[in-house]
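Below are the chains, spelled out letter by letter.
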Amino acid sequence: MLLKRYVSREATPNGCLIHGDCADVMLVFLSDDVIRIRVSFARRFPEQSYTLVTTAWEDRLDPLFQGERTRIAALDVPCQEDEAALTFRTATLRLVMKKEPLSFSLYTAGGKCIYRDLAERAFEMDQLGRLSHYSCMDREKDHFYGFGEKTGHLDKKGRRLRMSPKDAIGHDPENGDPMYKHIPFYIRVNETTNHALGLFYHNSYDCVFDLGQEISGYWERYCYWQADGGDIDLFLINGPCMSEVIQRYTWLTGRTALPTKQSLGFCASTMYYAELEQDCDQEIYKVIDKHLQEKLWIDNFWLASGYSSGEEDGLRYTFNWNHKRFPDPEKFFATMNAKGINVIPNLKPGVLKNHPYARYYEERGAFIKAPGGQGDAYGRWWGGEGRFIDFTGPAGREAWKKLLKETILSKGCKTVWNDNCEMDGIEDRDAQCDFEGGQGTMAELKIIHSNMMAYVGWKALEEMYPNERPYVINRAGFAGIQRYAQVWGGDNLTDWRTVKFNLATIMGMGLSGCANMGCDIGGFAGGAPEGELLLRWIQSGVFQPRFTINSANNDNTVTQPWMYEELLPQIRAAYALRYRLLPYLYSLMYQASVTGMPAMRPLFLEFPEDTACYTDRSLTFMFGPALLVANVVEKGAKERTLYLPAGCKWYDMNDFMREYEGGQTITVPVTLDTIPMFLRGNAVLFTSEDVTHILSDTLRQLDLTIGAEGDSSVVFYDDDGHTQDFKRGVYAKTTISVKAGDRKVISFHKEGDYPGTVERLTLKVVSKEKGAYWVTVDGAQIPRFLVRDNWEEAEAGWYYNLSDRTVWVKCPKPAKDNFDIVVSTEKFDLIGMADEVAKKE
């Protein structure tokens, strides 16, 4: 069934309803840059979303998301009609609907075409009830990014991607598909127009994206989305910058939750720690102590599911405690908390027949039902046939939450780890879910359970620890999962290709709204990583928001950071780098919670004008706006080739700040010690040596490295790191602005009621041409030192380091919210002859 022809239209309270020959189309303009086009072949438009946090209509699930969801007034956009088309104009866009064949085109206000449906085949429902939406593509100049968690390179042009989340253990990191998550959103950009446009399909049925793999000679080149049911519910999200698309997409689906500081520290895990016959707790204490002895800093511990196994049969029973392995769970949590280690127990939603709480769930009607609602649905699970909690209904959520609080959180746990939550064990997609009393099927709601499992974990933490910041971790999720959970890339393969392509997977998730992401370091599935691979993986992992080693090696080994003693110096250095970067990373995660921008950014996200970034496949990334990172991801590498984006200079942080012009490909030598990093010419990077244990250490000195090629600004964000007080203004948001020139002015402007802990500042200001003339702090000059040792001993002063040609400044932080540090590199006439020389010339 193909929607071919326009019949009539009528106004609605929030838009326009268009009647076609075989379907209706609902148009809603949520803003000048966000347009909803919803096509229903059933001509019905029920509103019942688990996903959206910004709407312009009443939704049946509004009470469930009270406090999360905002209702706005849609724009009143007039329709201009002529014989051929309907035209709608906002301040930035012009949407044109051709009447026959019915199709949409989108233009900028200036007339540039940025999107076209495939005119003769735009909207279709086939004989199986599958829905398809086709659009035109430029095979040479278009690029496609996002799609949530996917393998391979970032640009998905030419690929066919399936979204049907699986327990994808040991997946191929380059070509494996589908994965654990289902996020039907992508950003397309054309090199010629350099205009980014987001497309979000608000539909949770299993689906496929074809990005030009399919070719038919009867049509111009096209791409399409196809889903197993529901509606074609498309949100067109304008840029023109990609960062604006991300901001508007997360305005619709929610921003990344601001994480706790502790969650950004290292996390140790392996399945084996919880699989010993007895006294696993004692072994875990030794593991934590070993990390600290080796100066491999640690703040978190993932407790694998072995803690919940039955003492007789060894099967997993979530909320059960194996007392042979953990004789006293309360004491275990108390001991670990006293060490400053956050213990994070594994939770799984499947229930085997001998589960000690099976009857409890039955009595409360907590399970997903068989088709038609008669009896419980059964499916494949760890250890045999199982049933599954229905997180789309209050009965399932309340039953789960009660046990979560009583058996896990009450013992001293403050984090929820939801594993195996793809719900793929129920093969019959007609199995019935409560759907908040509306009765739905697993075909539509399978992946929604993942989000709602995170939702109920969030609610349980809020109830158990009022005013604390909930910390939830999910393996699976749909669009919007970023509101509740940190996510990880599942059970990845121990392979050199994995350390390489996991970088693209994390960046793709960031472009899809999920900024708090990481992949298991060292690989989860397979044998132990060789030494060089583990080192390169750790060197890559230090930039991932989730920094975790986790394994289930199949060769009777355990992946641990000290397993190759000959590489410990390099591994310690990588851990130290991660902890130095914590102030910067925490500020980036704050930015993600406000704008949606991820910490790990593809080059084109920061440099959209440089079209070479769209085709670069070197798997480098920007760590925030300041730092370009080119991890070594090839075995035995002696050099690293990378592209430096045009538009600024770059300084090699491993080679005495060696200067490079942007817009070129370079090759640099590498050793096992090397993590290639380049400071952007007009950037500010801030770090600290003070914190090696997040709960016990306090940041006292902030160290800034400044490339003052041009004007710039960055936000250093701080708060207490664990409460919700930041929502009430108890934070310190310091904007650090740099005014470039011979007189470089570094301005600090603080907002918020959090007093902050910084007492001292150091600056390294790149000044390649010459040293400084003078330096002032809050208007007062500080002394110059010609000998570095004297500068290091001083309380305040400056020194010009010729090795890397940077001006080093140190001083106590002024006791005020707003102040300037000025570094003058103005002309200095040392012997008083400059004027005489000028006269003679």
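Shown above is the structure to which this text applies.
The following refers to the structure shown. None of these values were measured; they are calculated from a predicted model. (Residues numbered from 1 in each chain as written. Predicted model: local features only at pLDDT ≥ 70, side-chain atom pairs only at ≥ 80, totals over all residues. Heavy atoms only, no water.)

### Some details on the overall build of the chain
For the record, the criterion: Note on conventions: DSSP H or I runs of at least 4 residues are helices, E runs of at least 2 residues are strands, and numbering of each starts at the N terminus. When we talk radius of gyration, it's over C-alpha atoms, and the globule rule is simply 2.2 Å times the number of residues to the 0.38. Burial status follows relative accessibility: with a 1.4 Å probe on protein chains alone, a residue under 20% of its type maximum counts as buried, one over 50% as exposed, and anything between as partly exposed. Here a residue-residue contact requires only that any non-hydrogen atoms of the pair lie within 4.5 Å.
What the chain contains, in helices and strands, is 15 helices and 54 strands. Relative to a compact globule of 841 residues, whose C-alpha radius of gyration would be 28 Å, the chain shows 28 Å and is just as compact. Judged by the C-alpha coordinates and their principal axes, the chain covers about 95 × 75 × 50 Å. The burial tally for the chain puts 63% of its 841 residues in the buried class. In the chain, the proportion of contacts linking residues at least 24 apart, taken out of those at least 6 apart, comes to 66%.

### A short note on the state of the cysteines
For the record, the criterion: In what follows, a disulfide is any cysteine sulfur pair within 2.5 Å.
Scanning the entire structure with this criterion turns up 0 disulfides. Here Cys22 is not disulfide-linked; the sulfur of Cys16 is the nearest cysteine sulfur, at 17 Å. Residue class for Cys22 comes out buried when judged on its relative accessible area of 15%. As a non-bridged cysteine, Cys413 has Cys267 as the owner of its nearest cysteine sulfur, 12 Å distant. When its relative accessible area of 0% is taken as the criterion, Cys413 is described as buried.

### A look at the packing of helix α10 (residues 568-580) against helix α11 (residues 582-595)
The test is simple: To define axes, lines are fitted to C-alpha atoms, for helices over the stretch in contact only, and angles between the resulting N-to-C directions are given on a 0 to 180 degree scale. In what follows, roughly perpendicular refers to angles from 65 to 115 degrees, roughly parallel to angles under 35, roughly antiparallel to angles over 145, and oblique to any angle outside these ranges. Think of it as three bins: nonpolar holds Ala, Val, Leu, Ile, Met, Phe, Trp, Tyr, Cys and Pro, charged holds Asp, Glu, Lys and Arg, and polar takes everything else, Gly as well.
Two numbers describe how α10 lies on α11: the axes approach to 5 Å, and their chain directions differ by 50 degrees. In terms of orientation, α10 and α11 fall into the oblique class. Residue-level inspection shows Arg578, Tyr579 and Arg580 of α10 in contact with α11, the latter providing Leu582, Pro583 and Leu585. Here the contact of α10 with α11 is composed, by residue class, of 4 nonpolar, no polar and 2 charged.

### Thoughts on the packing of aromatic side chains
Rules: In this analysis, rings of Phe, Tyr and Trp, with Trp reduced to its six-membered ring, are considered paired at centre separations within 6.5 Å, and the interplanar angle assigns stacked below 30 degrees, edge-to-face beyond 60, and tilted for intermediate values. Only when the NZ of Lys or the CZ of Arg is both within 6 Å of the ring centre and within 35 degrees of the ring normal is a charge said to sit over the ring.
Here the structure, examined in full by the defined rule, presents 54 aromatic pairs. Between Trp381 and Phe388 the ring centres are 5.4 Å apart and the planes differ by 85 degrees, which places this aromatic pair in the edge-to-face class. What makes Trp381 buried here is its relative accessible area of 14%. For Phe388, a relative accessible area of 2% corresponds to the buried category. Stacked on the ring of Trp57, the Lys or Arg Arg36 has its end atom at 4.2 Å from the ring centre. Here the guanidinium or amino end of Lys810 rests over the ring plane of Trp791, the centre of that ring lying 4.9 Å away.

### Details of the pattern of salt bridges
Working definition: two side chains of opposite charge can pair if their charged atoms are close together. Going by this rule: Every case where a carboxyl oxygen of Asp or Glu lies within 4 Å of a side-chain nitrogen of Lys or Arg is listed as a salt bridge.
Inspection of every chain in the model, using the stated rule, returns 64 salt bridges. Its salt-bridge partner being Arg160, residue Asp210 comes within 3.4 Å of it at the nearest N-O pair. Within this pair, whereas Asp210 is found in strand β19 (residues 207-210), its partner Arg160 is found in strand β15 (residues 160-163), the two being separated by 50 residues in sequence. Linked through salt bridges whose partners overlap, the residues forming this network are Asp167, Lys348, Asp419, Glu422, Arg475 and Asp491.

### Looking at the sheet that holds strand β52 (residues 797-801)
Defined as follows: Each pair of strands is called paired provided DSSP finds at least two bridges between the two strands.
Strand order in the open sheet made by the 5 strands is β44-β45-β49-β53-β52, with mixed pairing throughout. Of all the strands in the sheet, just β44 (684-687) and β52 have a single pairing partner and so form its edges. Pairwise comparison of adjacent strand axes, ignoring direction, gives a mean angle of 15 degrees for this sheet. Relative to strand β45 (residues 701-706), β44 runs antiparallel, the two sharing 4 bridges. Its bridge partner lying in β45, Phe686 is registered against Leu704.

### Brief notes about unusual backbone geometry
Residue Pro101 is bonded to the preceding Glu100 through a cis peptide linkage, with omega at -10 degrees. Cis peptide bonds are those with omega within 30 degrees of zero, and the linkage from Gly239 to Pro240 qualifies with 5 degrees. With respect to the secondary-structure elements, Pro240 resides in the loop between β21 (232-238) and α1 (242-253). At Phe147, a position not held by glycine, the phi torsion is positive, near 65 degrees. Since its relative accessible area comes to 0%, Phe147 is described here as buried. Unusually for a residue other than glycine, Asn194 sits at a positive phi of about 50 degrees. Checked against the element boundaries, Asn194 lands in the loop between β17 (185-190) and β18 (196-201).

### What to know about the environment of Tyr285
Position of Tyr285 among the secondary structure elements: in helix α2 (residues 280-293). Tyr285 gets classed as buried once you look at its relative accessible area, which sits at 11%. Along the primary structure Tyr285 and Ala780 are separated by 495 residues, whereas in three dimensions their C-alpha atoms are 52 Å apart. Setting aside anything within four residues of it in sequence, one finds Tyr285 in contact with Lys331, Phe332, Thr335, Met336 and Lys339.

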